[in-house]
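Structural features, examined
Listed below are the residues making up each chain.
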Amino acid sequence: RRVGQHRVEVELDSQNSIDEIYETDNSASYTFTVFSTSVRPIEIEKFYNTARDSIKVLNPVLIINNVSDELILSISDNPDLNNAQDFIKNIDTVFTTIKINSLQEDKRYWWRIKINEPTQEWSDVYSFFNINKNFTWYIEKSFRNEDIENFNSVFDSSKNSWRLTSNENLLEVSSAGSDDGEFGSMMYNGEELLPNTFYWGIATAEIDSITLRPSNFRYFIFNDGNAGELMKAYLDSLPLGKIVAMTICADGAQSVLGFSGGTEIRRTIEEFGSLYIDSIRYRDSWCIIGKKGAPIGSVPESFKKQFLGFAETSESNVVNNESGFIVFPIVYKSYKWLNIEKQDSLPPGSSIEYIPLGIKSSGDVDTLNTLIFENNISSLNQINESVYPSIKILAKLNANDFFESPSINSLGINYIIPPELAINYQVVNISSDSLLIGENLKLIFGVYNTSETPADSFKILVEVLKSNNEREAVSDILVNKLDSLSKRFFEVQISTANYLGSNSFIITIDPENKINEIFEDNNFFQIPFYVKADTSTPSINITFDGVDILDGDYVSASPEIKIELFDPSLLPVNDTSSITLLLNNEEIYFANNPEISYQFNSSNPKMIVTYKPQLSTGEYSLKVFAKNASGSIADSSGIEKHFIVNEQTEILNVYNYPNPSSGETYFTFKLTQIPDELKIKIYTIAGRLIKEINKASSELDFDFNSIFWNGKDDDENEIANGLFFYKVIISKDGKNQDVTQKLAIVR
């Protein structure tokens, strides 16, 4: 049930009650993702839906073990899903659509869905009213009582409409003479409305013929002097049919009516249907709810003689409430509000006011402007869906003057549902789940929009969750638009050089949460991969002026020493610490050293160091330590070269080989420095020059040199058998040095 990304944070000593050496290592966090393993309907609303010919669901984000690739949809005409009809469909890619048929019109259906396997859980139960109305949200006679909030209103099932409720109103009029309690009363629905219940005379009130509510209270009392005349004038002024309540307190005969029957005021009261008006005497109790022009004895009236208790009478009726309201169920998650259509009935003079209640994502509710309808349709595009993604409709009902109630038969709302971006196991692949460090890894994944609404401008973030739980962003993709019911595939390639051990790709769709979606918890996917350590061993090659010297060789006083690091692993070398140089056991540092230059390459040699020292005459040792990016060492004891520098130009160890020779031979020697030129002169035993070989400095090497002779003289004739002399002569800066040796030709 906790699908989505989560973060666990652990904090020690959160109140800082412990005095510690370090306070910065008291917290840690771990991020993990819970993937949905069940199918979920792509539905905004669970109940107030109209007809469906198909059901669309999201496939599981992740499949655990080998489960069925079929879905089962159960649909029934009752919420308990008894006697359900089942539809079975193979799972498609990312989302699956299941067609339904053979349903009765004007009937409500309930449905649920799951993977067709006994161990799998059913989805929540959804419902729709199978009526041919094209609304995103719709309510009429089929609804849930718990979804409705109402006051003075009710759904009338006999008329299939919401209307004002009716109430029974009760008017109770009481009278008590001086010896029976001495009060007058007019109670309306249990509430005393007569402003003063103690007086000496008669109190009157005009009664509403529909609601029975008393108003326009008047008192005719002893202190007026001519109270009877005043009361007669008032009653005469009332129109025929007017209802008036009258009640005596203390004494009415003495103060208003006169002591005997037949007075003018008594005759006037008789016109209101009074039967007992001539019977009232000193301190009697009497009250009436009269109607001008009513036959005598046809109205509620009560009379009690003195000392026989108080008189009381009443009248009741049933009428509709004057006003009430209905708050209809919430309408969820709009991407764009369109319009609302009503079906209602308004008796003349009655009214219904439809008011949207805007619901923010925080749950706060704002009352918006009253809707204006034309031909029963009102636009909703004035409602900002980014501020109010959900709404309710408040309907205020007002009866007319005759308390006739307006009624509401149905409400239908059209709005654009949000996009629904999705990714799951079916559309995510990597080139390998286990590979050697430094190898390239390719991630290919698809993003689907399963809704009929395009998704505009969102990002896709691809990160690597490393073995230490750190995240590293490797790709940030901007998608300008993903059309409805469409898909796009993406490719991300990384080098695994920095990801030794267990890692995962984490794909996050819309990380900035710019797109309002049906579901937000299926925008993540995580796929693991393992990077194995490199066990290969690097090697190095050392040359002096391009030559791989032997120990004891002579080199230039300013040699170009080149050290090349070769590594079969795929990891790049990009750190100068990979090669360490020691000359005569003293480290040669790279930084700020003009004698050192280096370069890194993506292929072998991975690193090249060029060292150009200025050396004086003497013997030297150069030790080189090398390691690759994984820390593997080329040779634990290092690679060592011993060499000699002689600043004087000398020729040493002059020989020819073979000697004796059958004709061809090689003149070999060592040079401590490269001369400007070198000559080899070959003489007969009598001293005649028969061959001269000349070599420029560019043709000579430090230390060992070997020069071929084919055994022929300058005229390219083979020389005779015998003993010969040869002289090797070097010239440097105008100075010459020579060495003379013998050679023998024997064929």
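Data block above holds the structure.
To keep things clear, this report deals only with the structure shown in the data block. (Residues numbered from 1 in each chain as written. Predicted model: local features only at pLDDT ≥ 70, side-chain atom pairs only at ≥ 80, totals over all residues. Heavy atoms only, no water.)

Taken as a whole, the largest pocket encloses approximately 750 Å³ of empty space. Residues of the lining of the largest pocket, tallied by class, amount to eleven nonpolar, eleven polar and seven charged. (1 Å grid on protein atoms, 1.4 Å probe; cavity = no way out; pocket = protein on both sides within 12 Å on 5 of 7 lines; lining within 4 Å. Points joined across faces, edges and corners; volume = space filled by probe spheres on them. Nonpolar A, V, L, I, M, F, W, Y, C, P; charged D, E, K, R; others polar.)

A few words on the environment of Lys-681. Of note, Lys-681 is situated in strand 50 (residues 677-684). For the pair Lys-681 and Asn-523, spaced 158 residues apart in sequence, the C-alpha to C-alpha distance is 87 Å. When residues no more than four places from it in sequence are discounted, the contact partners of Lys-681 are Leu-689, Lys-691, Glu-692, Phe-725, Tyr-726, Lys-727 and Ile-729. (Helix = DSSP H or I, 4+ residues; strand = E, 2+ residues; numbered from the N terminus. Contact = heavy atoms within 4.5 Å.)

Moving on: the pattern of salt bridges. Evaluation of the coordinates by the stated rule reveals 30 salt bridges. Between Lys-342 and Asp-344 there is a salt bridge, with its nearest N and O atoms 3.1 Å apart. Of the two residues examined, Lys-342 and Asp-344, each falls in the buried class. As a salt-bridge pair, Lys-442 and Glu-491 come within 3.7 Å of each other at their nearest N and O atoms. Remark: Glu-491 occurs in strand 36 (residues 486-495) and Lys-442 occurs in strand 33 (residues 440-449); sequence separation between them is 49 residues. Among the residues examined, Lys-442 registers a relative accessible area of 30% and is labelled partly exposed. Each of Lys-459, Asp-476, Glu-512 and Lys-514 takes part in one network of salt bridges that share partners. (Salt bridge = Lys/Arg side-chain N within 4 Å of Asp/Glu carboxyl O. Buried < 20%, exposed > 50% of the residue type's maximum accessible area, 1.4 Å probe, protein only.)

Attention now goes to the sheet that holds strand 26 (residues 365-367). Across the sheet, which stays open at both edges, the five strands sit in the order 11-23-28-25-26 with antiparallel pairing between neighbours. The outermost strands of the open sheet, each flanked by one partner alone, are strand 11 (149-151) and strand 26. The average undirected angle you get between the axes of adjacent strands in this sheet is 20°. Relative to strand 23 (residues 323-327), strand 11 runs antiparallel, the two being bridged by three bridges. Pairing of Glu-149 across the sheet is with Val-327, part of strand 23. (Pairing = 2+ DSSP bridges. Axes fitted to C-alpha atoms, helices over the stretch in contact; angles between N-to-C directions.)

For the rest of this paragraph, the subject is the nonpolar core. Grouped together as the largest cluster of nonpolar side chains are 75 residues, with contacts concentrated most on Phe-328, Ile-408, Ile-413, Leu-443, Phe-445 and Phe-505. The next biggest cluster of nonpolar side chains, apart from the first, holds 26 residues, and it includes Leu-581, Ile-596, Tyr-620 and Leu-622. (Core = buried A, V, L, I, M, F, W, Y, C linked by side-chain atoms within 4.5 Å.)

Here the structure, examined in full by the defined rule, presents 26 aromatic pairs. Residues Tyr-276 and Phe-303 carry aromatic rings whose centres are separated by 6.0 Å and whose planes lie at 20° to one another, so their mutual orientation is stacked. Pair noted here: Tyr-276 is in the loop between helix 3 (264-270) and strand 20 (285-291) and Phe-303 is in strand 21 (residues 301-304), with a separation of 27 residues, a long-range link. For Tyr-276, a relative accessible area of 33% corresponds to the partly exposed category. Put simply, the rings of Phe-143, Phe-155, Trp-162 and Phe-328 pair up and form one aromatic cluster. Here the guanidinium or amino end of Lys-46 rests over the ring plane of Tyr-126, the centre of that ring lying 5.6 Å away. Over the ring of Phe-373 we find Lys-342, and its NZ or CZ is 5.1 Å from the ring centre. (Phe/Tyr/Trp six-rings, centres within 6.5 Å; stacked < 30°, edge-to-face > 60°. Lys NZ or Arg CZ within 6 Å of the ring centre and 35° of its normal.)

Within the secondary structure, Thr-672 is located in the loop between strand 49 (665-671) and strand 50. Judged by its relative accessible area of 0%, Thr-672 falls in the buried class. One polar contact links the side chain of Thr-672 to the main-chain carbonyl oxygen of Gln-648, over a distance of 2.5 Å. In terms of polar contacts, Thr-672 uses its side chain to reach the backbone amide nitrogen of Glu-650, at 2.7 Å. Filtering out sequence-adjacent residues up to four positions away, Thr-672 remains in contact with Tyr-554, Val-555, Asn-646, Gln-648, Thr-649, Glu-650, Leu-652 and Phe-702. (Polar contact = N/O pair within 3.5 Å; in protein donor to acceptor, adjacent residues only side chain to side chain.)

Turning to unusual backbone geometry, a few remarks are in order. Of note, the bond from Asn-604 into Pro-605 is cis; its omega dihedral lies within 30 degrees of zero at -5°. Secondary-structure assignment places Pro-605 in the loop between strand 44 (596-600) and strand 45 (607-611). Its identity is not glycine, yet Asn-584 carries a phi of approximately 50°, on the positive side. The backbone of Glu-716 sits at a positive phi, close to 65°, despite the residue not being glycine. Mapped onto the elements, Glu-716 comes out in the loop between strand 52 (703-709) and strand 53 (722-732). Assessed through its relative accessible area of 45%, Glu-716 is described here as partly exposed.

On to the pairing of strand 49. Here strand 49 lies mainly inside the structure; five of its seven residues are buried. Pairing of strand 48 (residues 651-657) with strand 49 involves five bridges; the strand directions are antiparallel. If you follow Asn-656 over to strand 49, its bridge partner there is Phe-667. As defined by bridge partners, strand 49 adjoins strand 52 across seven bridges and the pair is classed as antiparallel. Looking across to strand 52, one finds that Thr-665 is bridged to Trp-709.

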